[in-house]
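The residues making up each chain are set out below.
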Amino acid sequence: MAALGLLRAGLARPRGAQMALLGRTLLRRPVVLAAVAPRSAPARQSHSPPQRGHGSSKAASLHWTGERAVSILLLGLLPAAYLYPGPAMDYSLAAALTLHGHWGLGQVITDYVHGDIPIKLANTGLYVLSALTFAGLCYFNYYDVGICKAVAMLWSL
């Protein structure tokens, strides 16, 4: 009975058929996708083993997980900094914000800077910028009011 329902819906076709009909939408069958797959070279290359000098997918996966962990940490740190301001929260925010910005700008460099020398220069500039940002935030936390108090003062204007 179920096979009859599939036949009427147009889902059950002989093996040679290339399309299946679901309502008014045509769907590609897996057999057809296997024939089309070799033509999509970028998709195949993304799942191939890493080439020499390009790192491993394990490191990339851990880096991606770390980026998401810092983003989630920031989602919790921002309300916590508002509720419990203090030096520990100020330095935690300084570290998390600097790391988040460093990784974000690193992705911009990866996407938009091309060539060996420009990439090396951009990465060097990024490390200098990140170090100066962290040092500046730590200086601000130690010698001035700190990040939490500064944001509270801005909000009170």
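Parameters at a glance
Residues numbered from 1 in each chain as written. Predicted model: local features only at pLDDT ≥ 70, side-chain atom pairs only at ≥ 80, totals over all residues. Heavy atoms only, no water. Salt bridge = Lys/Arg side-chain N within 4 Å of Asp/Glu carboxyl O. Buried < 20%, exposed > 50% of the residue type's maximum accessible area, 1.4 Å probe, protein only. Patch = residues over 30% accessible without salt bridge, like charges linked within 9 Å, V, L, I, M, F, W, Y side chains within 5 Å. Areas by Shrake-Rupley, 256 points an atom, 1.4 Å probe, with all protein chains shown as cover. Helix = DSSP H or I, 4+ residues; strand = E, 2+ residues; numbered from the N terminus.

### Topic: the pattern of salt bridges
Turning to step 1, where the next piece is worked out: Within this structure, the stated rule accounts for one salt bridge.
Turning to step 2, where the next piece is worked out: The salt bridge partner of arginine 68 is glutamate 67, with a shortest N-O separation of 3.2 Å.
Turning to step 3, where the next piece is worked out: The exposure class of arginine 68 is partly exposed, given its relative accessible area of 35%.
Turning to step 4, where the next piece is worked out: Look at glutamate 67 and you get buried, because its relative accessible area is 11%.

### Some thoughts on a nonpolar patch on the surface
Turning to step 1, where the next piece is worked out: A contiguous nonpolar surface patch, about 950 Å² in accessible area, is contributed by Tyr82, Leu83, Tyr84, Val151, Leu154, Trp155 and Leu157.
Turning to step 2, where the next piece is worked out: Those elements giving two or more residues to the nonpolar patch turn out to be helix H4 (57-83) and helix H7 (147-155).
Turning to step 3, where the next piece is worked out: When residues of the nonpolar patch are assigned to their parent elements, the largest contribution, three residues, is made by H7.
Turning to step 4, where the next piece is worked out: Here leucine 83 is to be found in helix H4.
Turning to step 5, where the next piece is worked out: What makes leucine 83 exposed here is its relative accessible area of 57%.

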